[in-house]
Amino acid sequence: MNPTDRADELRRLLNEHSYRYYVLNEPLITDAEYDVLYRELVTLESDHAALITPDSPTQRAGSDLNENFEKIAHPAPILSLGNGFSSEDLIAWEERNRRLLPSDTPLDYVLEPKLDGLTIVITYERGILTKAATRGNGVIGDDVTANIRTIRTIPLRIPVKSGLEAPDRLVVRGEVLFLKHDFEALNERQKAAGLPLYVNARNTASGSLKQKDSRITASRPLTAYIYDVVDIVGFTLSTQAEMLDYLQSMGFYIPPESQHYPTLSHIIQQLPTWEQRRQQLDYEIDGVVIKVNDLRISAELGIVGKDPRSAIAYKFPAQEASTRIIGVTHNVGRTGKLTPTAQLEPVFVGGVTVVNATLHNYDFINHLDIRLGDIVTVKRSGDVIPYVIGPMIGARTGAETPILPPERCPHCDTPIVKPEGAVDYFCPNSQCPERVFRSIEFFASRGAMDIEGLGPQTVKTLLDQGLIRDEGDIFYLYQHAERLLGLEKFAQKKVDNLLQSIEKAKTRPLAQLLASLGIEGVGSTVSEQLADHFETIDALMNASVETIDALEGIGEILAQNVVQWLSDPYHQAVIAKLRAAGVQMQGATRSIASDKLNGLTFVLTGTLPTLSRDQASDLIKSHGGKISGSVSKKTDYVLVGDSPGSKAEKAAQLGVKIISEAELYQLLA
Ligand code: IVH
């Protein structure tokens, strides 16, 4: 096909796919597949400039404008980035740039992670944050100033440290996102409150930033990294590396792991390492950005379309692909929760062949109307289990069938239940063989009781051999050392090590033990709270739903889960066995950050600007302070936020010191 016809065809295809994606919400291809077509058109158009038409998708800039917000005009266009997918693409990019520059121009670079969040543009006038906007259409953005102010990593005044001077005016650009651990914590909170989980960190970050009520934004643990100066008055910057240092000195978080390299080939050598490191990072990236270091040269190179020539995004190989759901299994977890898993026609995603992908839960299936036989988009991000993003409704044939939870447990045939108000379905039989296996496996795992040498395979073998039947039996394995030695692949050394690590596990703190029991919704945060409050497992076992529910951040459903779990005779027997074996069952375990607040009692009232109540109490306790529910003469400080209750009045009457969140930070500084 000649280039003119191919360009025509690509434009038609891309326009149709983007219409299906944005308007119909019925995509037929994945983002990665779209990218491939888009790139082909970009290449054709850059080789034959005459082929560029005004309606070409390459001439369109996306927009995130929303009618709920006032608009802010950006001081300069908020540009996008061209993409590269291989080292050849990067070499070609440098070659193109070299042709535009005098022949002996030296080119050095800065490599930054390409953060997968959403762009924001923040203005500071004489050091004070005055406005903040989304990228919008690149020319004007939505005014999200109130929401941006709630993000703790964004300074409200610069420079944060004294001794430096703020420029007269500074407009910066960066990315708002959830750190992976914050996103997990947010979901743990959702779970504890019996609310549906968030699936996609980027979309949740975007939704959190576009709230009309900034208190909602404040309750979401967002982070911002700043990587660019859009406009500056009163200071001159000459390189990208210097810009990052300058931004950091003003008090901004800059993209971690950004680095200066003398040549492009140094960077190309680093790319495989980046792909491996991606999993370990606490933030999601979809590639790296390579920027010409010298800002004068960058300006000279100029812009092509909506991208600066001086920077390029190197995108990691696709992590998404489309394939068909050919079956569904309903996995039973340790808590009895059913997780629907899709069996797929094998598909190659991000370097491996994927045959299974999680469908999360039945609400998710319902919500997205995913059916057996559907073509779906599957994503693999990092080393997490691949998951289904959604169906391609436009590809339906009519032969697809609904996916429903089973009526009976596939492992023990007990009727499946859905507790009132819960999102999930459960096998309620605590002795279900699959639940028992999953519970023991979890109990022994790293992050739980952390018993080295007791991985899933070993647990399975021990169960099959009748050497254990529950968690308690683990601590009696020493009585069966002979039989252990008789098992396949169990040499003396291995048995010794296993028994030793079992012995060590007896002294784990109470919070760790509670988190290891596999009670639905009781993760590390909740278990610490329970251990802190009740101090012994007996006190917790005697507690009512109301007492537990009264704890900050713990909802009724979670409280019911805890009480129900602990009153199940089977679980009580397991606990008795653990106790008899000498497993420690008491002691609070807060990790101590400092003793700055030792001996001081705090009362909290009102909504704080950035900290949730839980976070504020945790912060105070981790520095040795105590939290009390009511103000008395013994109270040292009342921490007051917006719309405080009568506690603030009482504090004033009694002459107790009233402090704000900022003053709390000063106490800790
Ligand atoms: S530089 C002229 N640096 O990626 C400056 N962008 O695909 C152009 N992004 O719209 C942007 N991390 O939202 C730059 N370290 C980084 C980035 C980054 C993420 C985003 C940015 C941009 C998109 C382009």
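Here, the structure is the one placed above.
Report follows, based on the coordinates. Quick caveat, the model's predicted, so the values are computed rather than measured.

The next point concerns the nonpolar core. Residues Leu513 and Leu530 are the most contacted members of the largest nonpolar core, which totals 53 residues. If we skip the residues at most four places from it in the chain, Leu513 touches Phe443, Met449, Ile537, Leu578, Val583, Gln584 and Met585. Residues Ala132, Leu186, Ile226 and Leu247 belong to the second largest nonpolar core, which totals 34 residues.

Glancing now at the sheet that holds strand β24 (residues 657-659). Read from one edge of the open sheet, four strands run β22-β21-β23-β24, paired in parallel fashion. At either end of the open sheet lies a strand with only one pairing partner, and these are β22 (626-628) and β24. Averaged over all pairs of adjacent strands, the angle between their axes in this sheet comes to 35 degrees, without regard to strand direction. With three bridges joining them, strand β21 (residues 601-605) and β22 adopt parallel strand pairing. Bridge pairing in β22 places Val603 opposite Ser628. Most of the contacts of helix α22 (residues 613-622) go to β21, to which it runs at about 170 degrees, and overall it touches β21, β22 and β23 (637-640). Each of β21, β23 and β24 is contacted by helix α23 (residues 646-654), which is oriented at about 135 degrees to β21, the strand it contacts most.

Attention now goes to the environment of Leu510. The residue Leu510 is located in helix α16 (residues 510-516) in this model. Since its relative accessible area comes to 1%, Leu510 is described here as buried. C-alpha of Leu510 to C-alpha of Gly587: the two residues are 77 residues apart in sequence and 5.9 Å apart in space.

Turning next to the site of the ligand. Neighbouring residues of the ligand: 13 residues in total, closest Glu112, Thr119, Arg173, Glu175 and Lys291. Residue Lys114 places a side-chain N or O atom 3.0 Å away from an oxygen atom belonging to the ligand. Separating an oxygen atom of the ligand from a side-chain N or O atom of Arg173 is a distance of 2.9 Å. With the chains in place, 88% of the 530 Å² that the ligand exposes on its own is no longer accessible. Listed by contribution, the elements that provide at least two residues to the shell around the ligand are β3 (109-115), β7 (169-177), β8 (223-233) and β10 (285-292). Of all the elements, β3 adds the most residues to the shell around the ligand, at four residues. For the shell around the ligand, the residue count by class is six nonpolar, one polar and six charged.

This part is about the pairing of strand β19 (residues 387-391). With four of five residues buried, β19 is to be regarded as a mostly interior element. Looking at chain direction, strand β18 (residues 375-379) and β19 are connected through four bridges and run antiparallel. From the neighbouring strand, Thr377 faces β19, where its bridge partner is Gly390.

Procedures and definitions
- Residues numbered from 1 in each chain as written.
- Predicted model: local features only at pLDDT ≥ 70, side-chain atom pairs only at ≥ 80, totals over all residues.
- Heavy atoms only, no water.
- Core = buried A, V, L, I, M, F, W, Y, C linked by side-chain atoms within 4.5 Å.
- Buried < 20%, exposed > 50% of the residue type's maximum accessible area, 1.4 Å probe, protein only.
- Contact = heavy atoms within 4.5 Å.
- Pairing = 2+ DSSP bridges.
- Helix = DSSP H or I, 4+ residues; strand = E, 2+ residues; numbered from the N terminus.
- Axes fitted to C-alpha atoms, helices over the stretch in contact; angles between N-to-C directions.
- Near = heavy atom within 4 Å.
- Polar contact = N/O pair within 3.5 Å; in protein donor to acceptor, adjacent residues only side chain to side chain.
- Areas by Shrake-Rupley, 256 points an atom, 1.4 Å probe, with all protein chains shown as cover.
- Nonpolar A, V, L, I, M, F, W, Y, C, P; charged D, E, K, R; others polar.

Purely geometric numbers; function is a separate question.
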